[in-house]
Structure formats: C-alpha cells, structure tokens
Amino acid sequence: MVNTKLVETLIQVIHTLSTEERFLLEEKLFLETSNISTKEISQLAMVGSSFDFLEHEPDLYGLEDGEPV
C-alpha cells in the first residue's frame, strides 16, 4: 500500500529546504553507493541500455588467445 500522505508531506518538506540542504539530500539519496551490492549493479547494467552496443561487436578473442587465467 502506498502512503500517499507521507510522500506529499516529504515533497512539501523538500520544497522548504535551502539549495545547500537539497544538494546534501540529493547526494545522500543518489550518490552514496555503499549500500549497493554487486548483484544490484550487475542487474542495472543488464537492464539498462548502456552496454547494448557490445551485442553487435565482433568476437575478437577466443579461448586460445592470451594468457590462461
């Protein structure tokens, strides 16, 4: 269940913040990545379209290329 009243109240509070306070809020919400797991980053990369161009790249390397890992 969506708490619409809470969301509306938060929006009202955000509108009262100074520019500096909004910047700090945005930084906390969007830039801090310490809580993001490797799995979440992988899922984001797969769902997003940033790496779609790689599907059309030729296979340049095979198993016989380079040093064994």
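Position numbers for residues start from 1 in each chain and track the written sequence from start to end. Owing to the predicted nature of the model, reporting of local features is limited to residues with pLDDT of at least 70; listing and counting of side-chain atom pairs is limited to 80 or more, with chain, interface and lining totals taken over all residues. Each side-chain value is derived from all of the structure's non-hydrogen atoms; neither hydrogens nor water enter the calculation.

**Concerning the overall build of the protein**
Each helix is a run of H or I in the DSSP string that is no shorter than four residues. Each strand is a run of E no shorter than two, and both are numbered from the N terminus. Each helix and strand in the protein was counted, giving 3 helices and 0 strands. Of the regular secondary structure in the protein, the N- to C-terminal order runs α-α-α. For the protein, with 69 residues in total, the buried portion stands at 0%. Roughly 7200 Å² of accessible area belongs to the protein as shown, and the carbon and sulfur atoms make up 60% of that amount. In this count, Lys and Arg are taken as positive residues and Asp and Glu as negative ones, while His and the chain termini are left out. For charged residues, the charge sits on one atom: NZ in Lys, CZ in Arg, CG in Asp, CD in Glu. Placing the 4 positive and 14 negative side-chain charges of the protein at their respective mean positions leaves the two points 21 Å apart. A 1.4 Å probe rolled over the protein chains alone gives each residue an accessible area, and that area as a share of the maximum for its type sets the label: buried under 20%, exposed over 50%, partly exposed in between. Throughout, the Shrake-Rupley method with a 1.4 Å probe supplies accessible areas, and for residues the shown protein chains are the sole cover considered.

**Some points on the confidence of the model for the protein**
Scored by pLDDT, the protein has a mean of 81; 91% of the residues are at 70 or more. Helix α1 (residues 4–16) holds the highest mean pLDDT among the elements of the protein, 90, whereas helix α3 (residues 38–47) holds the lowest, 79. The score called pLDDT rates the predictor's confidence residue by residue, from a low of 0 to a high of 100.

**Re the environment of asparagine 35**
Relative to the helices and strands, asparagine 35 is located in the loop between α2 (19–31) and α3. Residues asparagine 35 and glutamate 57, spaced 22 residues apart in sequence, show a C-alpha to C-alpha distance of 33 Å.

**Some details on the environment of phenylalanine 51**
Residue position: phenylalanine 51 is located in the segment after α3. Since its relative accessible area comes to 47%, phenylalanine 51 is described here as partly exposed. Linking phenylalanine 51 and leucine 63, residues 12 residues apart in sequence, is a C-alpha distance of 22 Å.

**Some words on the environment of alanine 45**
Looking at where alanine 45 falls in the secondary structure, it is placed in helix α3. Residue classification places alanine 45 among the partly exposed positions, given a relative accessible area of 32%. Taking C-alpha positions, alanine 45 is 35 Å from threonine 16, a pair spaced 29 residues apart along the chain.

**What about a nonpolar patch on the surface?**
Patches were defined on residues exceeding 30% relative accessible area and lacking a salt bridge, with like-charge contacts within 9 Å and nonpolar side-chain contacts (Val, Leu, Ile, Met, Phe, Trp, Tyr) within 5 Å. Salt bridge, as used here: a side-chain nitrogen of Lys or Arg that lies within 4 Å of a carboxyl oxygen of Asp or Glu. On the surface, a nonpolar cluster with roughly 250 Å² of combined accessible area is contributed by Leu6, Leu10 and Ile14. Secondary-structure assignment places leucine 6 in helix α1.

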